[in-house]
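What follows is each chain in one-letter form.
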Amino acid sequence: MRKKQKVALLLGLSVALLLSTSVWSYAETEASYEWSDEELDALGWSELEEFAEEAETDTAIDIEEMLGDASDLYEVVEEPPLELFYDTQAGMYRYELPNASSFWISVPLGAQTTHSVRLNCGNSSAIYNLTKDGEYVSQPESLIFTETGSYQMMLMNTGSFDASKSGNKTQTYQLEIAFVIYEDTENQTDFLQAPLQFRIAEARKDGLPWDFSKDRYQAALYLEEDGYYQVRYVSEQKPEISYQVELEVDRQAPYLTFSKSIYEKKLRAPLSFEASERGGKIQVWRNDVPANTAQNSITDGGFYRIEVADEAGNTREYQMYVAYGSPIWSKGLVIAAAGVLLVVAVWLLYQRRHMQVL
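Residues numbered from 1 in each chain as written. Predicted model: local features only at pLDDT ≥ 70, side-chain atom pairs only at ≥ 80, totals over all residues. Heavy atoms only, no water.

Structural notes on the overall build of the protein chain
Turning to step 1, where the next piece is worked out: Along the protein chain, the regular secondary structure elements total 5 helices and 25 strands.
Turning to step 2, where the next piece is worked out: For the protein chain, with 358 residues in total, the buried portion stands at 40%.
Turning to step 3, where the next piece is worked out: Long-range contacts, defined here as pairs at least 24 residues apart, represent 60% of the contacts in the protein chain between residues at least 6 apart. (Helix = DSSP H or I, 4+ residues; strand = E, 2+ residues; numbered from the N terminus. Buried < 20%, exposed > 50% of the residue type's maximum accessible area, 1.4 Å probe, protein only. Contact = heavy atoms within 4.5 Å.)

Here it is in structure tokens:
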């Protein structure tokens with residue numbers, strides 16, 4: 001076998017090997033050919049293993065470099081045109097490539113979501129160069145993404161390779177797949193972006209219609225205020241295909257209410273406090289050591305740092321110095337002393353007026 005044909009065949013087998021280890025099961029799968037150990041050794045099994053291991057880890061892969069001597073047998077087409085369909089049976093969006101092969105994804109390309117994302121590459125595609133929040137990561141099992149973050153990856157599609165027709169160039173499609181997974185309540189985002197080739201059709205904030213006409217091109221909804229947003233997008237190619245995202249935006253940090261002003265010149269215990277939001281998490285440090293403040297109450301002196309956080313991750317911090325011990329002249333003591341002095345004064349006055357001269 002000529003060297004170029006061998007390299008080309010290795011490329012096709014690499015895709016097959018990747019699919020066998022990274023693609024989740026789907027109803028429409030095809031039977032794969034079982035290679036014998038002798039055939040795999042003859043084709044360079046060690047090379048295939050090395051490539052598959054690279055694609056599944058956090059190592060970046062250059063498709064042109066991988067093709068090497070087979071580059072004149074393959075034509076790499078970047079970002080090919082895609083036709084969008086919605087597979088109601090699978091509940092997924094299906095993208096069809098020019099060679100009639102497809103891949104499926106549970107959200108449109110470029111979508112933002114609060115749910116896990118499923119990806120099915122089909123029978124002739126593979127994923128490589130996967131990044132999460134800008135860092136290369138290993139592929140998750142079965143290509144189901146559950147962790148929050150911004151994901152980007154490359155999909156390579158070779159179609160069906162026929163070694164007997166290797167004299168003709170085979171188009172290899174390369175395109176980017178991207179999406180973002182948020183928490184149900186988010187405090188880091190300022191806008192909701194329409195998926196690729198989608199536009200905003202309807203938007204609601206806290207259950208009421210939201211005017212998005214000021215948002216240019218109706219492609220992004222700027223979230224100027226906190227609230228619960230519901231946005232429905234429709235495909236520009238096929239308006240009957242839609243996608244909806246629901247997201248609560250909370251960027252307001254909770255606060256604490258105290259039993260007395262913490263700005264007093266000499267703040268003394270006891271001091272109690274309460275979070276403004278139900279479920280707010282309160283942490284207390286006394287003299288830089290975590291403190292156990294039962295029922296949110298301070299009973300001893302020291303330098304205190306109190307932090308309150310909500311479920312969205314917004315935090316507010318308070319710092320104060322609580323004086324040690326009780327004041328010498330408490331309010332009750334002053335009143336008691338004044339009472340005693342008053343009694344003494346009245347007694348002296350009485351004795352003076354009723355003084356008897358002997």
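Some thoughts on the packing of aromatic side chains
Each aromatic ring pair is summarised here by two numbers: the centre-to-centre distance and the angle between the ring planes.
Turning to step 1, where the next piece is worked out: Counted by the stated rule, this structure contains 11 aromatic pairs.
Turning to step 2, where the next piece is worked out: On the basis of an interplanar angle of 75° and a centroid distance of 5.3 Å, the ring pair of Phe258 and Tyr318 is categorised as edge-to-face. With Phe258 in strand β19 (residues 256-258) and Tyr318 in strand β25 (residues 315-322), the pair connects residues that are 60 residues apart, well separated along the chain.
Turning to step 3, where the next piece is worked out: An aromatic cluster is defined as three or more aromatic residues linked by ring pairs; in this entry it consists of Tyr86, Tyr93, Tyr233 and Tyr243.
Turning to step 4, where the next piece is worked out: The residue whose ring lies beneath Arg94 is Phe85, and the NZ or CZ to ring-centre distance is 4.3 Å. (Phe/Tyr/Trp six-rings, centres within 6.5 Å; stacked < 30°, edge-to-face > 60°. Lys NZ or Arg CZ within 6 Å of the ring centre and 35° of its normal.)

Some details on the sheet that holds strand β14 (residues 198-205)
Turning to step 1, where the next piece is worked out: Read from one edge to the other, the open sheet built from 5 strands follows the order β12-β18-β17-β14-β15, with strand pairing classed as mixed. Edge positions in the sheet fall to β12 (185-186) and β15 (208-209), since each has one partner strand and no second. (Pairing = 2+ DSSP bridges.)

Some thoughts on the sheet that holds β19
Turning to step 1, where the next piece is worked out: Here 3 strands make up an open sheet; going across it, the order is β19-β20-β23 and the pairing antiparallel. One side of each edge strand has no neighbouring strand; the edge strands of this open sheet are β19 and β23 (297-298).
Turning to step 2, where the next piece is worked out: Summarising the sheet, β19 and strand β20 (residues 271-275) pair through 3 bridges and their orientation is antiparallel. Residue pairing across strands places Phe258 opposite Phe273, the latter belonging to β20.

Remarks on the confidence of the model for the protein chain
The predicted structure's coordinates, where accompanied by low pLDDT, should not be read in detail.
Turning to step 1, where the next piece is worked out: Mean pLDDT over the protein chain stands at 78; residues scoring 70 or higher make up 70%.
Turning to step 2, where the next piece is worked out: Contacts for the low-pLDDT stretch residues 1-10, under 50 throughout, to residues beyond four places or in other chains number 25 contacts.
Turning to step 3, where the next piece is worked out: Scored below 50 in pLDDT, residues 19-35 makes 31 contacts in the model with residues more than four places away or belonging to other chains. (pLDDT = per-residue confidence, 0-100.)

A look at the pairing of strand β18 (residues 242-249)
Turning to step 1, where the next piece is worked out: Burial of the side chains of β18 is restricted to one face: Tyr243, Val245, Leu247 and Val249 are buried, whereas none of Ser242, Gln244, Glu246 and Glu248 on the reverse face is.
Turning to step 2, where the next piece is worked out: With 2 bridges joining them, β12 and β18 adopt parallel strand pairing. Considered in β18, the bridge of Glu186 is made with Val249.
Turning to step 3, where the next piece is worked out: Where strand β17 (residues 227-235) lies against β18, 8 bridges are found, and the strand directions are antiparallel. Each residue of the ladder has a partner; that of Tyr228, found in β18, is Glu248.
Turning to step 4, where the next piece is worked out: Between β17 and β18, which pair antiparallel in sequence order, lie 6 residues.

A closer look at the side chain of Thr114
Turning to step 1, where the next piece is worked out: Relative to the helices and strands, Thr114 resides in the loop between β5 (112-113) and β6 (117-120).
Turning to step 2, where the next piece is worked out: In this view, Thr114 contacts Tyr182, Glu183, Asp184, Glu246 and Leu247; residues no more than four positions away in its chain are not counted.

Considering a nonpolar patch on the surface
Turning to step 1, where the next piece is worked out: A contiguous nonpolar surface patch, about 320 Å² in accessible area, is contributed by Phe303, Tyr321 and Tyr324.
Turning to step 2, where the next piece is worked out: The residue Phe303 is located in strand β24 (residues 302-309) in this model. (Patch = residues over 30% accessible without salt bridge, like charges linked within 9 Å, V, L, I, M, F, W, Y side chains within 5 Å. Areas by Shrake-Rupley, 256 points an atom, 1.4 Å probe, with all protein chains shown as cover. Salt bridge = Lys/Arg side-chain N within 4 Å of Asp/Glu carboxyl O.)

Observations concerning the environment of Val107
Turning to step 1, where the next piece is worked out: As for its position among the elements, Val107 is in the loop between β4 (102-105) and β5.
Turning to step 2, where the next piece is worked out: Sequence spacing of Val107 and Tyr93 is 14 residues, and the spatial spacing of their C-alpha atoms is 6.4 Å.
Turning to step 3, where the next piece is worked out: Setting aside anything within four residues of it in sequence, one finds Val107 in contact with Tyr93, Thr113, Val117, Phe179 and Tyr243.

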